[in-house]
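# Fold and contact review
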Amino acid sequence: MRKLRINVSGGYDVLIGSGLLLSLGEQIAKMGAEKACIVSDDNVFPLYGDILVSSLADTGVKAEKYVILHGERSKNLNVYASLMERMRDFRLSGSDVLIALGGGVVGDLGGFAASTYHRGIPLVQIPTSLLACVDSSVGGKTALNLPSGKNQLGTFYQPSLVICDIDTLHTLPTEEYRCGSAEIIKYAILESEDFLREITDNSIGDMYEVVISRCVDIKRRYVEADEFDRGKRMLLNFGHTLGHAIEAESNYSVSHGCAVAAGMGAITSLCVEKGICSGDTEKLLLSALDKYSLPSALMYPLDRLLPLILNDKKSREGKIRFVLLSQIGNCFIHEIHEEELDLWLRNGGLK
Ligand code: NAD
Ligand code: GLY
């Protein structure tokens, strides 16, 4: 088992290893909670819910569950409102705990609920998708989608504990393994050519504990330097401005990871076209995406994505922010005026 400490807002541990679900009750009891509300989805709860409930019961913590339909479309205000009602019916108090058991959708929704119920109750993240293990469970971003776009509501709310039991990844569908790999490729692009080659030449699935720990440690550095996403942390959005537009345009039938992969491929080809990075750098990214059968180009015409890009919350004072790549291990933020966006993207070869 590996333990990483994230030093923001009081600080919390991220535990990464095998068999960790069994010790959950002990961990929650240590936090002083009498009740726990487990938020999960209809794929994950039937697989792991009972282990959690009985581990909690063993230490005298009462558990209630709230199970949503799996998928991005559940990350909305209606589901949130009915979860709030359930938490109230269950009479959760400010010292009780919300446990988010699942992928990034459950984590974002559960996090948002924990941060707003009684102005904030303790949150434990138990990520079960690869994407959630390496990214969404750590760092404290919570989110809901609005009909107008992705993640338009949200809070910064750090968990009290993150438990990443890698045994849960054995039931993850291949498609979701690929999606999680996209965010790992993102970290490698931000970090180093060595890391990118390591995950291109070997399979992430053969070295979960090592790779997840490495990604969490990379994310830790960005989050500790910029908890509220005003500077360095924005680099973690490499590929995301285009990716979020793709997700929204597909009405969330394209998953977050695949959309981010396409966004990373497209923005890198723009960087090559504009002479910001070399074709060799692009080739390294494309080999990694190819290894995990991930897309590398926009799957919708620019005309359809532009309104969604303009609606993105990364727009500030009439400017949209993109993360550009000059070489592996070196990304930077570039702001572009909304009125210049269309031409700037088209001149970069995107259509
Ligand atoms: P997800 O939560 O929809 O999970 C993907 C699918 O895998 C779902 O069908 C789920 O039921 C299933 N699943 C999860 N774990 C499983 C397991 N162990 N066994 C079997 N099936 C399992 O999606 P995701 O890819 O985990 O996360 C994407 C979401 O995360 C998006 O909403 C994205 O915006 C958000 N996100 C948030 C942050 C953040 O910092 N808060 C960062 C990145 C992504
Ligand atoms: N996933 C980007 C962030 O946490 O900042």
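An account of the accompanying structure is given in this report. (Residues numbered from 1 in each chain as written. Chains lettered and ligands numbered in written order. Predicted model: local features only at pLDDT ≥ 70, side-chain atom pairs only at ≥ 80, totals over all residues. Heavy atoms only, no water.)

## Points about the sheet that holds strand β4 (residues 62-68)
We apply this condition: Strands pair, by our definition, only if DSSP identifies at least two bridges between them. Helix and strand assignments follow DSSP, with helices taken as H or I runs no shorter than four residues and strands as E runs no shorter than two, numbered in order from the N terminus. To get an axis, fit a line to the C-alpha atoms, keeping to the stretch in contact for a helix; angles then go from 0 to 180 degrees between the N-to-C directions. Between two residues, a contact is recorded if the distance between any of their heavy atoms is within 4.5 Å.
An order of β1-β2-β9-β6-β5-β3-β4 is seen for the 7 strands of this open sheet, with the pairing classed as mixed. Each of the sheet's edge strands pairs with one partner strand only, and the pair in question is β1 (2-6) and β4. Within this sheet the neighbouring strands show an average axis-to-axis angle of 15 degrees, counted without direction. With 7 bridges joining them, strand β3 (residues 35-41) and β4 adopt parallel strand pairing. Bridging across to β4, Cys37 finds its partner in Glu64. In this fold helix α2 (residues 45-58) packs onto β3, β4, β5 (97-102) and β6 (123-127), with an angle of close to 170 degrees to the strand it touches most, β3.

## Brief notes about the environment of Glu339
Basically, it comes down to this: Relative accessibility decides the category of a residue: with a 1.4 Å probe and only protein chains considered, values under 20% of the type maximum give buried, values over 50% give exposed, and everything between is partly exposed.
Here Glu339 is to be found in helix α13 (residues 338-347). By relative accessible area, Glu339 is classed as exposed at 65%. The spatial distance from the C-alpha of Glu339 to the C-alpha of Leu310 is 9.7 Å, given a sequence separation of 29 residues.

## With respect to α2
Three or four residues apart is the spacing at which side chains of an α-helix point the same way, because the helix has 3.6 residues per turn. Rules: For a helix, the expected span equals 1.5 Å multiplied by the number of residues minus one.
Relative to the 20 Å expected for 14 residues at 1.5 Å per residue, α2 spans 19 Å between its end C-alpha atoms, a close match to the ideal helical length. Residues of α2 that are buried sit in contact with α1 (24-30), β3, β4, β5 and β6. Downstream of α2 by one or two residues, Gly60 has phi in the positive range, about 80 degrees.

## Section: the pattern of salt bridges
So the rule is basically this: The working definition used for a salt bridge is a side-chain nitrogen of Lys or Arg within 4 Å of a carboxyl oxygen of Asp or Glu.
Taken as a whole and assessed by the stated rule, the structure comprises 25 salt bridges. Between Glu191 and Arg221 there is a salt bridge whose closest N-O contact spans 2.8 Å. Here the residue Glu191 occupies a position in helix α6 (residues 174-191), and Arg221 occupies one in helix α8 (residues 208-225), the gap between them amounting to 30 residues. On the basis of relative accessible area, Glu191 is assigned to the partly exposed category, the value being 24%. Linking Arg346 and Asp342 is a salt bridge whose minimum nitrogen-to-oxygen distance equals 2.4 Å. In this pair, Arg346 and Asp342 both sit in helix α13, 4 residues apart, roughly one turn of the helix. When its relative accessible area of 33% is taken as the criterion, Arg346 is described as partly exposed.

## Structural notes on unusual backbone geometry
Located in the positive-phi region is Arg91, a residue other than glycine, with phi close to 55 degrees. Structurally, Arg91 is set in the loop between α3 (77-89) and β5. Using a relative accessible area of 66% as the deciding quantity, one classes Arg91 as exposed. If you check the backbone angles, Asn151 has positive phi at about 50 degrees while not being a glycine. As for its position among the elements, Asn151 is in strand β8 (residues 149-153). The buried category is assigned to Asn151, whose relative accessible area is 13%.

## Details of the site of ligand 2
Definition in use: For each residue, the test is whether any non-hydrogen atom lies within 4 Å of the molecule or strand; if one does, the residue is near. Here a polar contact is recorded for every N or O atom pair within 3.5 Å, except that within protein the pair must consist of a potential hydrogen donor and a potential acceptor, and residues adjacent in sequence are included only if both atoms are side-chain atoms. Only the protein chains shown count as cover for residues, and all accessible areas are computed by the Shrake-Rupley method using a 1.4 Å probe.
Lining the immediate environment of ligand 2, one finds Asp135, Lys141, Lys219, Arg233 and Leu236. Note that a nitrogen atom of ligand 2 is positioned 3.2 Å from one of the side-chain N or O atoms of Asp135. At 2.7 Å, a side-chain N or O of Lys219 approaches an oxygen atom of ligand 2. Alone, ligand 2 offers 200 Å² of accessible surface; in the complex the protein occludes 89% of this.

## Topic: the site of ligand 1
The criterion, for reference: Note on residue classes: Ala, Val, Leu, Ile, Met, Phe, Trp, Tyr, Cys and Pro are nonpolar, Asp, Glu, Lys and Arg are charged, and everything else, Gly too, is polar.
Taken together, 28 residues lie near ligand 1, and Asp41, Glu72, Ser129, Lys150 and Thr171 sit nearest. Taking Lys141, its main chain carries an N or O atom lying 3.0 Å from a nitrogen atom of ligand 1. Isolated, ligand 1 exposes 860 Å² of accessible area, and the fraction of that covered by the protein chains is 92%. Looking at the shell around ligand 1 residue by residue, the classes come out as 7 nonpolar, 11 polar and 10 charged.

The quantities given are spatial measurements derived from coordinates; they are silent on function.
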